[in-house]
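Take a look at the letters that make up each chain.
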Amino acid sequence: MAPGAVVDDRHHGSSSSSSPSKPRILVPEKVSPDGLAMLASDFEVDSRPGGLSPQELIELIPSYHGLIVRSETKVTSEVLTAGRNLRVVARAGVGVDNIDVDAATAQGIIVVNSPSGNIVAAAEHTVALLLATARNIGRADRTFKAGRWERGKLVGVEVGRKTLGIIGLGKVGMKVARMAVGLGMKVLAADPYASADVARGAGVELVSGGLPDLLPVVDFLTIHTPLLASTLDLLGEDEFRKMKKTARVLNVARGGVYNEAALLKALDEGWIAGAGLDVFTKEPPEEGSVAAQLARHEKVVSTPHLGASTVEAQENVSLDVCGQVLLILQGGLPTAAVNAPLILPEEYRKLQPFVRLVEKMGGLYTQHYVTRAGSRARVGGRRFELVYQGELAGVSNTRPVFAALVKGLVGPFSESGGRDVNIVNATLIAKEKGIVIDEVHTRGAAADGAAPYSSLVTLRSYDGTTTGEGRGEQIIEGYVSGRSIFISKLDRFTSSFTPEGTLLILHNYDEPGKIGGVGMALGSKGVNIEWMQVASLVDKKDGRSSGAGGEEDLGLAKVDSAVAGVAAGGNGKRGNEALMILGVGGPVGNDVLESLKQEEGILDVSLIRL
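A brief structural summary. (Residues numbered from 1 in each chain as written. Predicted model: local features only at pLDDT ≥ 70, side-chain atom pairs only at ≥ 80, totals over all residues. Heavy atoms only, no water.)

## A word on the overall build of the chain
Secondary structure assignment for the chain yields 20 helices and 22 strands. In the chain, which comprises 610 residues, the proportion classed as buried is 51%. At a minimum sequence separation of 6, the contacts of the chain that also span at least 24 residues come to 69%. For the chain, the exposed area adds up to about 26,900 Å²; of that, 51% sits on carbon and sulfur atoms. (Helix = DSSP H or I, 4+ residues; strand = E, 2+ residues; numbered from the N terminus. Buried < 20%, exposed > 50% of the residue type's maximum accessible area, 1.4 Å probe, protein only. Contact = heavy atoms within 4.5 Å. Areas by Shrake-Rupley, 256 points an atom, 1.4 Å probe, with all protein chains shown as cover.)

Following this line, the structure appears as structure tokens:
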């Protein structure tokens, strides 16, 4: 499984006996039914569009695995702590100001949003407010409906040939810029992270001096940044004083980027001509507050946070976040995790099979090297190196693969009450377990042209307490072919088998009759061999295997022919070692393992469940 949250009632402790068989998702706000329909077949979706009080949410949340909200529900640390089964909190929108992301991260809960679902809606609303403030649409509508014909008092300005200043040239900012260019406006932007070439291609001029150079020359100003410590009260009295008296400001981003008291004073004192506001520090504004005074100000066109309120945007964000919730609860990778690196769709497609492969490699390591030795602490006492070679080395965001390794390593011996490993908490769990993992990107070719893969993953483990020859290096290599995953090397032995299901790995001397003896021993215990492979010892001189063996579908009826092949090809000398890897079906208990260990020439036996 991938390292995302997995449906498992063991997360954060056992759930109550009344928990349903299907994982539960709570939706305390109105979310488009098109998205919720995606979840209905696999999950119990509890939609409560009327909303819940903070106390009601805390009381209900312990029995839910997912929570989908918009902007009204406050997902506090108390809610997240109470949600002992929560895997994911999804915000059907862009901002996550109403979610305590740090608390979610500490709990190992993935927070996702929809960063692109309402880009067009927000940009269009920005342009709508720009035009409304330019032509006094709000005042004209109010006075006309009140029976007054005040045409002479409502003379506006044209936006063509005017200058629009944009702070924050992200997706929404860039969309606004392109629309403004279409209206015949000159567009300037301040953004320390924007590409000058990309901006120039959209008809935007980046202002190198930032706000001091931008503010005095713009006729309209719009901000499209998240609300951070660095952007809180970004514009105060000093900034408004630097602007033209005919300038108008817009905000469809976050309440708080303008200091509301300063903005109110700027309008009252005539430092600027007007404002178009869709967002406020407190929503809805409290009676008598500065935000409420702004919303009613005659120079302000105000709307109740409508930036994303279009039919299309609501459907887009609903489909987006519900799809992510579905993926996460089924063990997949989120595409827009707020508290983990963003995974682009093309990266997702490339990484998904490697995520599965590396988790299996981690599980194989723990069960093959550690569990059979009876020393769980050996995972924590060793240093791991995860080497990406070939095309995979060019992927910069490999955190999901890192998380998959942690999950694979700790999964076989985690307590039943342990939380699932995901891309949010993997680093924390690795630290808690004393696991040190180094990631190495090797740009060279993964293998020669005859190999069936273009990317190779190598897991190396060393004894972290010693150096030199005593480090006891252990190696597992794997590759992806199409969507299938394979192990190509296990310690000193070359192989090509799929790490799935129940496996028996026997370290033995490569002698005639070994396969037959093992087949008879398993047959007597009611264990069926579904496939088998002989993994040969790598020649230390040239790195090649000393024999050949491929994965085959072998039932017990075919064992005799396999015995003949080994007898003909093997040299029969004691000391020529091999691994016999068997995919088996049927119950495999300690009695089966002990029976195999008693077979002549069997050095060790590992039971692997993947």
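Additional details are given in the paragraphs that follow.
## Remarks on the sheet that holds strand β2 (residues 44-47)
Spatially, the five strands line up as an open sheet ordered β2-β1-β3-β4-β5, and their pairing is parallel. With partners counted over all chains shown, the strands left at the sheet margins are β2 and β5 (110-112), one partner each. Averaged over all neighbouring strand pairs, the angle between strand axes comes to 15 degrees, with direction disregarded. In this structure, strand β4 (residues 88-91) lies alongside β5, joined through three bridges in parallel fashion. Paired with Val89 across the bridge in β5 is Val111. The sheet contacts of helix α13 (residues 311-329) involve β1 (24-27), β3 (66-69), β4 and β5, and relative to β4 the element is tilted by about 170 degrees. (Pairing = 2+ DSSP bridges. Axes fitted to C-alpha atoms, helices over the stretch in contact; angles between N-to-C directions.)

## Looking at the pattern of salt bridges
It is possible for side chains of opposite charge to pair when their charged atoms get near one another. Across all of its chains, the model carries 18 salt bridges by this definition. Glu237 is paired through a salt bridge with Lys265; the nearest N and O atoms lie 3.6 Å apart. One end of the pair, Glu237, is in helix α10 (residues 237-241); the other, Lys265, is in helix α11 (residues 260-269), with 28 residues separating them in the sequence. (Salt bridge = Lys/Arg side-chain N within 4 Å of Asp/Glu carboxyl O.)

## Let's talk about the pairing of β3
On a regular strand, each side chain points to the face opposite its neighbour's, so the side chains alternate between the two faces of the sheet. Residues Gly66 and Ile68 of β3 are buried on one face, and the alternating residues Leu67 and Val69, pointing to the opposite face, are buried as well. In the sheet, β1 pairs with β3 via two bridges, with the strands oriented parallel. By the bridge assignment for β3, Ile25 is matched with Gly66. Looking at chain direction, β3 and β4 are connected through four bridges and run parallel. Within β4, the position partnered with Gly66 by the bridge is Val88. Taken together, β3, helix α3 (residues 77-82) and β4 form a β-α-β motif whose crossover is right-handed. (Right-handed = clockwise from strand over helix to strand, strands pointing away.)

## Observations regarding the packing of aromatic side chains
Across all of its chains, the model carries six aromatic pairs by this definition. Grouped by ring-pair contacts, the aromatic residues Tyr365, Tyr369 and Phe384 constitute a single cluster. Over the ring of Tyr64 we find Arg24; its NZ or CZ atom is 4.4 Å from the centre of that ring. (Phe/Tyr/Trp six-rings, centres within 6.5 Å; stacked < 30°, edge-to-face > 60°. Lys NZ or Arg CZ within 6 Å of the ring centre and 35° of its normal.)

## Thoughts on helix α20 (residues 590-597)
Within the span of α20, buried status applies to Val592, Leu593 and Leu596. Each buried residue of α20 lies within a common arc of 95 degrees when the element is viewed along its axis, so the set occupies one face. On its buried face, α20 is in contact with β19 (502-509), α18 (514-524) and β22 (602-609). (Arc of directions from axis to C-beta.)

## Focus: the environment of Val207
Secondary-structure assignment places Val207 in the loop between β8 (204-206) and α9 (211-214). Taking the C-alpha atoms as reference points, Val207 and Ala196, separated by 11 residues in sequence, lie 9.6 Å from one another. Those residues in contact with Val207 that sit more than four places away from it in its chain are Leu188, Ala189, Asp213 and Leu214.

## What to know about the sheet that holds strand β10 (residues 248-251)
An order of β8-β7-β6-β9-β10-β11-β12 is seen for the seven strands of this open sheet, with the pairing classed as parallel. What marks the edges here is a single partner per strand, and that holds for β8 and β12 (300-302). Direction aside, the axes of adjacent strands within the sheet are offset by 20 degrees on average. The sheet contact formed by strand β6 (residues 163-167) and strand β7 (residues 186-190) spans five bridges and is parallel. Looking at β7, one finds that Ile167 is bridged to Ala190. In the packing of helix α7 (residues 171-182) onto the sheet, the strands contacted are β6, β7, β8 and β9 (220-223), and the crossing angle to β6 comes to about 175 degrees.

## Topic: the packing of helix α5 (residues 119-134) against α7
What describes two packed helices is the angle between their axes and the distance between those same axes. Put simply, α5 and α7 touch, their axes get as near as 9 Å, and they point 50 degrees apart. Here α7 runs oblique to α5, going by the angle between their axes. Crossing of α5 against α7: the hand is right-handed. For the pair α5 and α7, the contacting residues are Ile119, Val120, Ala122, Ala123, Glu124, Thr126 and Val127 in the first and Lys171, Val172, Lys175, Val176 and Met179 in the second. Residue composition of the contact of α5 with α7, by class: eight nonpolar, one polar and three charged. (Parallel < 35°, antiparallel > 145°, perpendicular 65-115°, else oblique. Left-handed = near helix turned anticlockwise from the far one by under 90°. Nonpolar A, V, L, I, M, F, W, Y, C, P; charged D, E, K, R; others polar.)

## Quick look at the environment of Asn113
Within the fold, Asn113 resides in the loop between β5 and α5. A C-alpha to C-alpha distance of 6.1 Å links Asn113 and Ala336, two positions 223 residues apart in sequence. Beyond its immediate stretch of four places on either side in the chain, Asn113 contacts Arg91, Gly93, Val94, Val96, Asp320, Val321, Gln324, Ala336 and Val338.

## Notes on the side chain of Ser114
Relative to the helices and strands, Ser114 is located in the loop between β5 and α5. By relative accessible area, which is 0% here, Ser114 ends up buried. In contact with Ser114, other than residues within four places in its own chain, are Arg91, Gly93, Val94, Val317, Asp320 and Val321.

## Side note on the pairing of strand β16 (residues 474-481)
The element β16 is extensively covered by neighbouring structure, given that seven of its eight residues are classed as buried. As paired elements, strand β15 (residues 455-463) and β16 share six bridges and run antiparallel to each other. By the bridge assignment for β16, Val457 is matched with Gly478. Two successive antiparallel strands, β16 and strand β17 (residues 484-490), enclose a turn made up of two residues, where Gly482 displays a positive phi of approximately 70 degrees.

## Considerations on the nonpolar core
Counting residues in each nonpolar core, the largest one holds 73 residues, and the members touching the most others are Ile68, Val457 and Ile476. Of the residues forming this core, the biggest block, 11 residues, is contributed by helix α14 (residues 345-370). Here this core spans two domains, since at least three of its residues come from each of domain 1 (24-117 + 313-330) and domain 3 (345-537 + 576-609). Aside from chain neighbours lying at most four places away, what touches Val457 is Phe354, Leu357, Val358, Met361, Leu386, Val387, Tyr388, Leu392, Ile476, Glu477 and Gly478. Among the nonpolar cores identified, the runner-up in size contains 30 residues, and Ile167, Leu188, Leu264 and Ala266 belong to it. (Core = buried A, V, L, I, M, F, W, Y, C linked by side-chain atoms within 4.5 Å. Domains from an automatic or database assignment.)

## Some points on α5
Taking 1.5 Å as the rise per residue, α5 with 16 residues should run 22 Å; its terminal C-alpha atoms sit 23 Å apart, in good agreement. Taking burial as the measure, the 16 residues of α5 include 12 buried ones, the bulk of the element. Of the residues making up α5, those classed as buried are Ile119, Ala121, Ala122, Ala123, His125, Thr126, Val127, Leu129, Leu130, Ala132, Thr133 and Ala134. Phi for Asn136, located one or two positions after α5, is positive at around 55 degrees. (Expected span 1.5 Å × (residues − 1).)

Take it as geometry only, folks, not as evidence of what the structure does.
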